[in-house]
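What follows is the residue order along each chain.
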Amino acid sequence: MDQASAEDFAFDVLDVDQQGAVPKDHLQAVILGCMQLALSKAYGRDAVANLQEAAAAVAAGACQYCGPDAQALTRPGYAKYCKAAPALNALLLSLMCNIGKQPPTVAHLVQPLIHLEQPNGQPSPAATASLTAAPAGSAGSPSSDSHAPGSSTAAVTDVAGPGGSSDALAAASAAAAGGGGDGLPTCPGRVQLPDLGWGLCDPADSLLQPGWVWLLAAGLGPKLRQEWRLLFNSVKHGMSYSTFLNRLGDASPTLLLIQDKGGALFGGVAYAPWKKTGTFYGDYASSIFSLLPKAQIYPASGINPNIQWCGVGFSQLPNGVGFGGQTGHFGAWLDATLDTGMSRPAATFASPCLASSQRFQVDVVEAWLLAPPEEELKEAASNA
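Attention here is on the structure that accompanies the text. Just so we're clear, the structure is a prediction, and the values are computed from it rather than from any experiment. (Residues numbered from 1 in each chain as written. Predicted model: local features only at pLDDT ≥ 70, side-chain atom pairs only at ≥ 80, totals over all residues. Heavy atoms only, no water.)

**Digging into the overall build of the protein chain**
If you tally the helices and strands in the protein chain, you get 13 helices and 13 strands. For the protein chain, with 384 residues in total, the buried portion stands at 53%. Restricting the contact set of the protein chain to residue pairs at least 6 apart, pairs at least 24 apart contribute 63%. When the accessible area of the protein chain is evaluated, it comes to approximately 16000 Å², of which 53% is carbon and sulfur surface. (Helix = DSSP H or I, 4+ residues; strand = E, 2+ residues; numbered from the N terminus. Buried < 20%, exposed > 50% of the residue type's maximum accessible area, 1.4 Å probe, protein only. Contact = heavy atoms within 4.5 Å. Areas by Shrake-Rupley, 256 points an atom, 1.4 Å probe, with all protein chains shown as cover.)

**Considerations on unusual backbone geometry**
Of note, the amide linkage connecting S252 to P253 takes the cis form, showing an omega dihedral of -10 degrees. In this model, L292 is joined to P293 through a cis peptide bond whose omega is 5 degrees. The residue P293 is located in the loop between strand 7 (287-292) and strand 8 (296-299) in this model. Of note, Q18 is a non-glycine position whose phi angle comes to about 55 degrees, a positive value.

**So, the pattern of salt bridges**
According to the stated counting rule, one finds four salt bridges in the structure shown. The partner of D8 in a salt bridge is R75, with the nearest N and O atoms 2.6 Å apart. Pair noted here: D8 is in helix 1 (residues 3-14) and R75 is in helix 4 (residues 75-84), with a separation of 67 residues, a long-range link. The partner of E227 in a salt bridge is R229, with the nearest N and O atoms 2.7 Å apart. In the salt-bridge network here, residues are joined through shared partners; they are E7, D8 and R75. (Salt bridge = Lys/Arg side-chain N within 4 Å of Asp/Glu carboxyl O.)

**Quick word on helix 3 (residues 52-63)**
In this model helix 3 runs 17 Å from its N-terminal to its C-terminal C-alpha over 12 residues, within 8% of the 16 Å that 1.5 Å per residue would give. For helix 3, the tally of buried residues reaches nine of 12 residues, placing the bulk of the element in the interior. Listed as buried for helix 3 are A54, A55, A57, V58, A59, A60, G61, A62 and C63. In the core, the buried residues of helix 3 are packed alongside helix 2 (24-43), strand 2 (72-74), helix 4, helix 10 (210-217), strand 7 and strand 8. (Expected span 1.5 Å × (residues − 1).)

**Observations concerning the environment of F314**
With respect to the helices and strands, the residue F314 is situated in the loop between strand 9 (308-311) and strand 10 (320-326). When the C-alpha positions of F314 and T277 are compared, they lie 9.6 Å apart, and in sequence the two are 37 residues distant. Discounting residues that sit within four places of it in the chain, F314 has contacts with K276, T277, G278, W309 and N319.

**What to know about the environment of A355**
Relative to the helices and strands, A355 is located in the loop between strand 12 (340-342) and strand 13 (359-369). Overall, the relative accessible area of 12% leaves A355 in the buried class. Once residues lying within four places of it in the same chain are set aside, the contact partners of A355 are D260, A264, F266, S343 and F360.

**Looking at the pairing of strand 5 (residues 254-260)**
The side chains of a regular strand alternate between both faces of the sheet. Burial of strand 5 is extensive: six of the seven residues sit out of reach of the surface. Bridge count between strand 5 and strand 6 (residues 265-270): six bridges; the pairing is antiparallel. Bridge pairing in strand 6 links L257 to G267. Counting the residues in the hairpin turn of strand 5 and strand 6 gives four residues, including G263, whose phi is positive at 95 degrees. The pairing of strand 5 with strand 13 spans seven bridges and is classified as antiparallel. Directly across from Q259, in strand 13, lies its bridge partner V364. (Pairing = 2+ DSSP bridges.)

**Re the layout of surface pockets**
A volume near 490 Å³ is recorded for the largest pocket. What lines the largest pocket is a set of 23 residues, and nearest its centre among them are N50, P203, L208, Q209 and P210. Those elements that place two or more of their residues in the lining of the largest pocket are helix 3 and helix 10. When residues of the lining of the largest pocket are assigned to their parent elements, the largest contribution, three residues, is made by helix 10. When grouped by side-chain class, the residues that make up the lining of the largest pocket number 15 nonpolar, six polar and two charged. (1 Å grid on protein atoms, 1.4 Å probe; cavity = no way out; pocket = protein on both sides within 12 Å on 5 of 7 lines; lining within 4 Å. Points joined across faces, edges and corners; volume = space filled by probe spheres on them. Nonpolar A, V, L, I, M, F, W, Y, C, P; charged D, E, K, R; others polar.)

Next up, the structure:
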């Protein structure tokens, strides 16, 4: 099936009432379940403890593709969303690998989601609706024997129990990931999530929480989903621009995260090293994004080449690092003091202001390397 047909099928799974729009609260519940499935498999059960804020931000950001005040996601909006942020669609498609191997039912796609542990310990009503409200007799509806003994849906239900037990998450994750037993088959299309190297930093203090990894990694190539390493965290390493640049060195590509004192969390993926230059530079593969309060990703639009800026020791030009826009009017900017920054609408990424305000006070800065250094890859290849 082609991409458009696959998106149609995935959207039909989401749009249980066949109204042509998925309400934000229902979308949030499904996103939460998808995050739990993907992250528990990649990072263990501790990674899924506090995903509600991330799921709410992702759902709110997805709805924005239908308009600034949209409270639901339409099919045209879903197409735009998948192009910018493919994580949700990729996971739904990976569950669809069961089509042809087992009866093509919505139950096979949604059953692993509805028994995941919710904050109150009960299955999500919105996700449950995906299973119970599918049109009878449709290609995606549950078949009459979908809960027959030995079926994948029965297996998950039996393990989870009628109220959703503490073992439900592990059972559902194993089922969706093809972890053996009576679960769903392994799908070769599942998006790989990177190993995370925290160094001496406490993962709980990092800006890069598991939900954001799930969202951002799906839009990167396979080589950038192997290992991510924390290079700089201002809480750990101090608010020093020289330390920031020294720790990044020639590293690329990198992920830059900024949290401002208004609570907004945003940043960008830079494919070129952060090196002093008096002009814009960079790669069109770069992107910027907002995570809180609404998660949206903005790829380079191609309208201009003003991707990255890195100023050091200039007397007339800005000193700091930034993405997009024009000199002095950046799409995302971190001043060399690491105390203040700027985010203005930028044609470079077709992006709005990402921060709490166009000029903001910095709370925390963080930078990650998204691929192992080349010399390590060569050494690993020679030792293989």
